[in-house]
Amino acid sequence: MRETHDPDAVLATMNGALVIVTTASNGQRAGCVVGFHVQCSIEPIRYAVWLSKANHTYRVALFATHMAVHAVSSEHRALVELFGGTSGDTTDKFAACEWSPGTGGVPLLAECPTVMLLARHTAWDDGGDHVCFVGTPIATGSGGRIEPVRLADVADLVDAGHDARERPVPDLTAS
Ligand SMILES: Cc1cc2nc3c(=O)[nH]c(=O)nc-3n(C[C@H](O)[C@H](O)[C@H](O)COP(=O)(O)O)c2cc1C
């Protein structure tokens, strides 16, 4: 192995697929584009997504019972811009797209029929800027085979709604 230290270059080569993760809790809906996600057990089947501590979706997911993982293809570019480039802190994303409520109130995006509904059971914070949420797939929808949108497809197009280093500061004086 020729030694270098450039993890970004290796990760760029992997060029992971993007998904849109949605969730709901305490009467709030949330969702964002996620590049950090993977199946993490076969039997029982488990799926993991990592959410940034900066994101509105993370705060809603902390109290959620369910999450939905939607596959996205190039035809979903507008949705990727909406869910990856704006934040639920300032934009009502669900007023700008079609959806219906699934189990646990989780918004299911009408444009993305290839979807996995997860019953969320654990969250793992290893001190990084993202937290791992693990769930069991309990229902799926299939829109047939799709060619996923990948990191490199949107790298120059979508600026994340939140930088991963941001931390919201709660207003403790609010009654
Ligand atoms: C290509 C790309 C990949 C992203 N991957 C993740 C991710 O894995 N986890 C995450 O929490 N946010 C990820 N984001 C950032 C969120 O999608 C983005 O900050 C979003 O605006 C957050 O919305 P929210 O505040 O409503 O949750 C990604 C954004 C882009 C453009």
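Preceding this paragraph is the structure being described.
Below you will find a few notes about this structure. The shown structure was predicted, so the numbers you read here are calculated from the model rather than taken from an experiment.

### Digging into the overall build of the protein
Part 1 of the argument: Within the protein one finds four helices and nine strands.
Part 2 of the argument: Reading the protein from its N end, one meets helices and strands in the order α-β-β-β-β-α-β-α-β-β-β-β-α.
Part 3 of the argument: In terms of overall size, the protein behaves like a compact globule, its C-alpha atoms giving a radius of gyration of 16 Å where 175 residues would be expected to give roughly 16 Å.
Part 4 of the argument: Here the C-alpha coordinates of the protein stretch approximately 60 × 45 × 35 Å along the principal axes.

### Side note on the site of the ligand
Part 1 of the argument: Taken together, 26 residues lie around the ligand, and Ser 52, Thr 57, Thr 86, Ser 87 and Gly 88 are the ones closest in.
Part 2 of the argument: A distance of 3.0 Å separates a nitrogen atom of the ligand from a polar atom in the backbone of Trp 50.
Part 3 of the argument: One of the side-chain N or O atoms of Thr 57 is found 2.6 Å from an oxygen atom in the ligand.
Part 4 of the argument: Relative to its unbound accessible area of 650 Å², the ligand is 93% covered by the protein chains.

### A few points about the sheet that holds strand 8 (residues 115-124)
Part 1 of the argument: With antiparallel pairing, seven strands are arranged side by side in an open sheet as 2-1-5-8-9-4-3. The open sheet has two free edges, formed respectively by strand 2 (28-34) and strand 3 (37-41), since each of these has just one partner strand. Looking at each pair of strands side by side, their axes are set apart by 35° on average, direction ignored.
Part 2 of the argument: Here six bridges tie strand 4 (residues 46-52) to strand 9 (residues 130-141), and the two strands are oriented antiparallel to one another. Paired with Tyr 47 across the strands is Gly 135, a residue of strand 9.
Part 3 of the argument: Taken strand by strand, helix 3 (residues 77-85) contacts strand 1 (19-25) and strand 2, and its axis lies near 110° from that of strand 2.

### Side note on the packing of aromatic side chains
Part 1 of the argument: Considering all chains together, one arrives at three aromatic pairs under this definition.
Part 2 of the argument: Taken together, a centroid distance of 5.5 Å and an interplanar angle of 65° make the contact between Phe 83 and Phe 94 edge-to-face. Of this pair, Phe 83 sits in helix 3 while Phe 94 sits in the loop between helix 3 and strand 6 (99-101), and the two are 11 residues apart along the sequence.
Part 3 of the argument: Residue class for Phe 83 comes out buried when judged on its relative accessible area of 1%.
Part 4 of the argument: For Phe 94, a relative accessible area of 8% gives the class buried.
Part 5 of the argument: Here a set of aromatic residues connected by ring pairs shows up, and it is made of Phe 83, Phe 94 and Trp 99.

### Looking at the side chain of Asn 55
Part 1 of the argument: Locating Asn 55 in the fold gives a position in the loop between strand 4 and helix 2 (56-61).
Part 2 of the argument: On the basis of relative accessible area, Asn 55 is assigned to the buried category, the value being 14%.

### Section: the nonpolar core
Part 1 of the argument: One finds Val 21, Val 49, Leu 51, Met 67, Val 69 and Phe 133 to be the most contacted residues of the largest nonpolar core, which totals 15 residues.
Part 2 of the argument: For this core, the secondary structure elements donating two or more residues are strand 1, strand 2, strand 4, helix 2, strand 5 (66-71), strand 8 and strand 9.
Part 3 of the argument: For this core, the element with the most residues is strand 4, which contributes three residues.
Part 4 of the argument: Aside from chain neighbours lying at most four places away, what touches Leu 51 is Cys 32, Val 34, Thr 57, Tyr 58, Ala 61, Met 67, Asp 129, His 130, Val 131 and Phe 133.

Calculation notes
Residues numbered from 1 in each chain as written. Predicted model: local features only at pLDDT ≥ 70, side-chain atom pairs only at ≥ 80, totals over all residues. Heavy atoms only, no water. Helix = DSSP H or I, 4+ residues; strand = E, 2+ residues; numbered from the N terminus. Rg over C-alpha atoms; globule rule 2.2 N^0.38 Å. Near = heavy atom within 4 Å. Polar contact = N/O pair within 3.5 Å; in protein donor to acceptor, adjacent residues only side chain to side chain. Areas by Shrake-Rupley, 256 points an atom, 1.4 Å probe, with all protein chains shown as cover. Pairing = 2+ DSSP bridges. Axes fitted to C-alpha atoms, helices over the stretch in contact; angles between N-to-C directions. Contact = heavy atoms within 4.5 Å. Phe/Tyr/Trp six-rings, centres within 6.5 Å; stacked < 30°, edge-to-face > 60°. Buried < 20%, exposed > 50% of the residue type's maximum accessible area, 1.4 Å probe, protein only. Core = buried A, V, L, I, M, F, W, Y, C linked by side-chain atoms within 4.5 Å.

Any link to function would need more than the numbers given here.
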